[in-house]
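# Coordinate inspection notes
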Amino acid sequence: MRAEAIEFENFNHMQDEACARRINAAKEALGERVVLLSHHYQRADVYRHADLTGDSLKLAYQAAQTDADYLVFCGVHFMAEVADILSSDEQTVILPDMAAGCSMADMANLTKVERAWRELAEVLLPDETVTPVTYINSAADLKAFCGEHGGIVCTSSNAGKILEWSFQRREKVLFFPDQHLGRWSGHQLGIPLDEMVVWDFDEPMGGLTPEQIKQAKILLWKGHCSVHQMFQPQHILRFRNQHPDGIVISHPECSFEVCSASDYVGSTEYIIKTIAAAEEGTRWLVGTELNLVSRIAEEFKSQNKIVQFMSPLVCMCSTMARIDPQHLAWALENLANGTVVNRIQVPVAEADLAKQALNRMLAIS
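Please read these numbers as outputs of a predicted model, since none were measured by experiment. (Residues numbered from 1 in each chain as written. Predicted model: local features only at pLDDT ≥ 70, side-chain atom pairs only at ≥ 80, totals over all residues. Heavy atoms only, no water.)

## A short note on the overall build of the chain
Regarding its fold elements, the chain presents 17 helices and 14 strands. At 21 Å, the chain has a C-alpha radius of gyration in line with the 21 Å of a compact globule built from 365 residues. Its C-alpha atoms put the chain at 60 × 55 × 35 Å along the principal axes. Counting over 365 residues, the chain shows a buried share of 58%. Pairs at least 24 apart in sequence give 68% of the contacts found in the chain among residues at least 6 apart. Put simply, the chain shows about 15,600 Å² of open surface, and 48% of that area lies on carbon and sulfur atoms. Taking the average place of the 31 positive charges on the side chains of the chain and the average place of its 48 negative ones, the gap between the two points comes to 3 Å. (Helix = DSSP H or I, 4+ residues; strand = E, 2+ residues; numbered from the N terminus. Rg over C-alpha atoms; globule rule 2.2 N^0.38 Å. Buried < 20%, exposed > 50% of the residue type's maximum accessible area, 1.4 Å probe, protein only. Contact = heavy atoms within 4.5 Å. Areas by Shrake-Rupley, 256 points an atom, 1.4 Å probe, with all protein chains shown as cover. Lys, Arg positive; Asp, Glu negative; His and termini not counted. Charge placed at Lys NZ, Arg CZ, Asp CG, Glu CD.)

## So, the pattern of salt bridges
In total, this model carries nine salt bridges according to the counting rule given. Here K222 makes a salt bridge to D200, at a shortest N to O gap of 3.5 Å. Here K222 is found in the loop between strand 9 (218-221) and helix 12 (233-242), whereas its partner D200 is found in the loop between strand 8 (196-199) and helix 11 (210-215), with 22 residues between them in sequence. Residue D200 is classed as buried on the basis of its relative accessible area of 17%. With its nearest N and O atoms 3.2 Å apart, the salt bridge here joins E298 to K301. K301 matches E298 in its accessibility class, with the two residues each being exposed. (Salt bridge = Lys/Arg side-chain N within 4 Å of Asp/Glu carboxyl O.)

## Details of the packing of aromatic side chains
All chains considered together, the criterion is met by seven aromatic pairs. One aromatic cluster is present, formed by F176, F201 and W221 through successive ring pairs. Lying over the aromatic face of Y47, R295 brings its terminal NZ or CZ to 3.5 Å of the ring centre. Its guanidinium or amino end placed over the ring of F300, K305 lies 4.9 Å from that ring's centre, counting from NZ or CZ. (Phe/Tyr/Trp six-rings, centres within 6.5 Å; stacked < 30°, edge-to-face > 60°. Lys NZ or Arg CZ within 6 Å of the ring centre and 35° of its normal.)

Geometric values such as these leave the question of function open.
See below:
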């Protein structure tokens, strides 16, 4: 007989430390049947409970390899979808708060992408000339779209390799939803900026002329990360004026101007590894999410490394922060009590197509 679900109201006003005790107790009761995966941007009071941590690419690998019955994803919705797609049919993926989404991912939906594909067909043959590439920060149905149309998924770690793979097959790329990652990755391959044009999904034909579409190598979806857009070149200039020996490292979701002004550009894993490998006593300005920067700053304090957040404003992933100790304790106690709440389950047909695009990525990463 299935146990009755425990209501979230029982946890809503619970103190964080009380939640921590309940989380630990539930994890102990569940044992190896449950694994908690957490993204680097996750808030510290949740991240502390994770069994596996990483950026999107690392977590995609980990989701595919774990054999636990339950995968509790401390991230956002699209990450939990990837875990469901790559895990076995016997495994259950749970997102502690269904409201944990991604504003960037929401900027590209299937209706808009399918319309763009139809509009491109008025100028060229997209299934012969355009490889659709979706950033992993996107919904499962967009990954399925890429799977169906010979496309692929990328992450901030492998976007350059993915573009190379794409151009070996077709002459153009439609890159969504983050224009900045697409532009920087294309620039790193030597593609001129004027051959990377922005597709404005609110305008007919993306706001482009047929000539612009024909001449473009990469069509960049007009999307962005609300966190990384906050970083500005003047933040770097101020830092360099104050600390001439300082080093700047940024995430490729930042604007082209910020990336160009940085000493290093790379994924969250790359940022962590680069600072870890640096000499003691170095000073860093880091352009990525605040929870990660704060964690790095604390980790390397003993090496006299000073790690500074780039923006004077607080920039954290507010949607990922919806996964709080209260929701995590609630989800785990329900599991320990025999009840699954907030299951993420991608429809089979959609998951099969999305898995094709994800497997293409995993095969070359």
